[in-house]
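# Structure at a glance
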Amino acid sequence: MPRFHFNTFGNRNLPDDEGVELPSWAAARHEAVRMAGLLIADGAERVPMEQGWHMEVTDERGRVLFRVDFTVV
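None of these values were measured; they are calculated from a predicted model. (Residues numbered from 1 in each chain as written. Predicted model: local features only at pLDDT ≥ 70, side-chain atom pairs only at ≥ 80, totals over all residues. Heavy atoms only, no water.)

## Brief notes about the overall build of the chain
Here is the rule: Numbering of helices and strands starts at the N terminus; helices are DSSP runs of H or I of at least 4 residues and strands are runs of E of at least 2. The buried label applies to any residue whose accessible area, calculated with a 1.4 Å probe on protein chains only, is under 20% of its type's maximum; exposed applies above 50%, and partly exposed to all values in between. What makes two residues a contact is simply this: any of their non-hydrogen atoms within 4.5 Å. Working definition of accessibility: Shrake-Rupley area with a 1.4 Å probe, residue cover restricted to the visible protein chains.
Secondary structure summary: the chain contains one helix and four strands in total. Expressed as a percentage of its 73 residues, the buried residues of the chain come to 30%. A separation threshold of at least 6 residues defines the contact pool for the chain, and within that pool the share at least 24 residues apart is 42%. Here the chain displays about 5000 Å² of accessible surface, and carbon together with sulfur accounts for 54% of that area.

Following this line, the structure appears as structure tokens:
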């Protein structure tokens with residue numbers, strides 16, 4: 001099963017060195033959106049206005065498969 005890494009960049013950069021085994025790219029996309037929702041719920045008040053963060057989902061080789069962006073405006 002492929003391993004996907006969910007690396008977060010913003011006020012703090014949080015590399016995902018361990019990753020998660022998921023069955024497909026679609027499952028990784030679903031997990032990225034779920035994780036982003038948890039991060040927003042846990043830290044929404046700490047994100048400054050006009051500043052955002054993003055999550056890059058990479059494969060086992062470090063290739064960026066897609067990116068989820070959030071900005072408070």
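Having seen it, we continue.
## Side note on the side chain of aspartate 16
Here is the rule we go by: In this tally Asp and Glu are treated as negative and Lys and Arg as positive; neither His nor the chain ends contributes. For salt bridges, the criterion is a side-chain nitrogen of Lys or Arg within 4 Å of an Asp or Glu carboxyl oxygen.
The topology assignment puts aspartate 16 in the loop between strand E1 (3-9) and strand E2 (20-21). Despite its burial, aspartate 16 pairs with no opposite charge; the closest candidate is arginine 3, at 7.2 Å N-O. Apart from the residues within four sequence positions on either side, aspartate 16 is in contact with Phe4, His5, Phe6 and Asn7.

## Topic: the confidence of the model for the chain
The line we're drawing: Per residue, pLDDT measures the predictor's confidence, with a range of 0 to 100.
Averaged over the chain, the pLDDT score is 88; the fraction of residues at 70 or greater is 89%. The spread of mean pLDDT over the elements of the chain runs between helix H1 (residues 25-43), the lowest at 89, and E2, the highest at 98.

## Considerations on the packing of aromatic side chains
The condition that has to hold: Pairing of aromatic rings covers Phe, Tyr and Trp, the last through its six-membered ring, and needs centres within 6.5 Å; plane angles under 30 degrees mean stacked, over 60 mean edge-to-face, and all others mean tilted.
Scanning the model with the defined rule gives two aromatic pairs in all. Taking the centre distance of 5.1 Å and the plane angle of 70 degrees together, the rings of tryptophan 25 and phenylalanine 66 count as edge-to-face. Pair noted here: tryptophan 25 is in helix H1 and phenylalanine 66 is in strand E4 (residues 64-71), with a separation of 41 residues, a long-range link. Here tryptophan 25 falls in the partly exposed class, since its relative accessible area comes to 44%.

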